[in-house]
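# Report on the structure
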Amino acid sequence: MIPLAAMAEAVLRTADGREKTALSRQFAAAWQAARADREKPKIGSATPPLHPARPDAPELLSPRDVPRRRPGTPEGRIALLHAVAHIELNAVDLHWDVIARFTETPMPIGFYDDWVKAADEESKHFNLMCDCLEEMGSHYGALPAHAGMWRAAEDTVDDLMGRLAVVPMVLEARGLDVTPGMIEIFRKAKAGSAVAALETIYAEEVAHVAYGSKWFHFLCGRHEQDPKETFHALVRKYFHGALKPPFNEEKRAEAGIPPDFYWPLTETV
């Protein structure tokens, strides 16, 4: 089996979404099989690209230029699923990138177990969204998408603690806030496949946020830093703007993020 970091880089350099996620799931299965046999596979090192490979479509636009569509219409619901698919594809790359980019920071094997599992699940989520889009007569790439999704990775390219603070503990935690509302939109539209897919995503994303919190706290302990103060400082450094309520306090708590971590960040400093 090739080292894990080389696997991660190969995923990052694969452009097509379905091909990227197939490779992601193949590598995750190989890693998980080895770990189930009590092996400790090599992590190795990699030279991941600053930006992951992407297909020619969708066209990537500035957030302000992405067309707004009402979710009460079939076209609006397709646009919503397309946006989620784009988020999930970026999440696949984000989780493999955290494996490939920070190999010089010694971490326990459990760190890699967690992010391989997260990348595998995000790959499944992307494919679920693509299946729903195709069921509705569309496909990933049919609409323009948000160009700013990778900004958090660029901003934290040299800072593992910053990456953990901003990606799982802010961006993915936001998914916990908004997904219940999306599920209700599709439930009202009697779109059973979309409801089932979004419920799967909602259930599994809690763990991804929890992985971020767990390893962020681990590194704070290693460096004898106060987790709450460090989190506030890193989010203010790397996240652009204030956090916006309402927050899903129950699911955030389940993921290990208490209210005093995020409420103070609702105000710009």
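Scroll up to find the structure.
All of the points below concern the structure found in this document. The residue count restarts for each chain, going from 1 along the sequence in the order it is written. Only residues with pLDDT of at least 70 get local features here, since the model is predicted, and only at 80 or more are side-chain atom pairs given and counted; chain-wide, interface and lining totals rely on the full set of residues. The basis for the side-chain values is all heavy atoms of the structure; hydrogens and waters are excluded.

Turning our eyes to something else, we now look at the pattern of salt bridges. Any carboxyl oxygen of Asp or Glu within 4 Å of a side-chain nitrogen of Lys or Arg constitutes a salt bridge here. For the structure on display, the rule yields 19 salt bridges. Among the ionic pairs, Asp177 bridges to Arg174, the shortest N-O distance being 3.4 Å. Placement of the pair is Asp177 and Arg174 together in helix H6 (residues 160-188), with a separation of 3 residues, close to one helical turn. With relative accessibility at 33%, the residue Arg174 sits in the partly exposed group. Residue Arg252 pairs with Asp177 through a salt bridge whose shortest N-O separation is 2.7 Å. On the criterion of sequence distance, the pair formed by Arg252 in helix H9 (residues 249-254) and Asp177 in helix H6 is long-range, its members being 75 residues apart. Secondary structure elements follow DSSP: runs of H or I of four or more residues count as helices, runs of E of two or more count as strands, with numbering from the N terminus. For every residue, the accessible area (1.4 Å probe, protein chains only) is compared with the maximum for its type, and the residue is labelled buried under 20%, exposed over 50%, or partly exposed between those bounds.

Our focus in this paragraph is the packing of aromatic side chains. Aromatic rings considered in pairs are described by the distance between their centres and by the relative angle of their planes. Ring pairs shown here join Phe, Tyr and Trp side chains whose ring centres sit within 6.5 Å, with only the six-membered ring taken for Trp; geometry is labelled stacked below 30 degrees between planes, edge-to-face above 60, and tilted in between. Here the structure, examined in full by the defined rule, presents 10 aromatic pairs. Arranged with centres 5.6 Å apart and planes meeting at 80°, the rings of Phe111 and Trp215 form a pair that is edge-to-face. A residue pair is termed long-range when its members are at least 10 positions apart, and Phe111 in helix H4 (residues 109-135) and Trp215 in helix H7 (residues 192-222) qualify at 104 residues. Just as Phe111 is buried, Trp215 falls in that class too. Ring plane angle 40° and centroid distance 5.3 Å describe the contact between Phe231 and Phe261, whose orientation is recorded as tilted. In this pair, Phe231 sits in helix H8 (residues 227-238) while Phe261 sits in helix H10 (residues 259-262), placing the two residues 30 residues apart along the sequence. Relative accessible area serves as the criterion here: at 0%, Phe231 is assigned to the buried category. Using a relative accessible area of 6% as the deciding quantity, one classes Phe261 as buried.

The next point concerns H6. With 29 residues, H6 ought to run about 42 Å at 1.5 Å a step, and its terminal C-alpha atoms sit 41 Å apart, in line with that. At every residue, the bend is computed as the angle between two fitted axes, covering the seven residues ending there and the seven beginning there respectively. The largest bend in H6 is about 40°, located at Val178, with the proline Pro180 one to four residues further on. Positive backbone phi, at 55°, marks Lys190, one or two positions downstream of H6. An expected span of 1.5 Å times one less than the residue number is assigned to each helix.

Moving on, we get to the side chain of Asn127. Looking at where Asn127 falls in the secondary structure, it is placed in helix H4. Judged by relative accessible area, Asn127 falls into the buried class, the value being 17%. Any two residues having at least one pair of non-hydrogen atoms within 4.5 Å are treated as being in contact. Asn127 has contacts with Arg18 and Thr21, leaving out every residue within four places of it along the chain.

The residue after Ala57, namely Pro58, is reached through a cis peptide bond having omega 15°. Along the chain, Pro58 turns up in the loop between helix H2 (17-36) and strand S1 (60-61). Cis peptide bonds are those with omega within 30 degrees of zero, and the linkage from Pro245 to Pro246 qualifies with 10°. Mapped onto the elements of the fold, Pro246 is located in the loop between H8 and H9. Phi is positive for Lys190, close to 55°, though the residue is something other than glycine. Of note, Lys190 is situated in the loop between H6 and H7.

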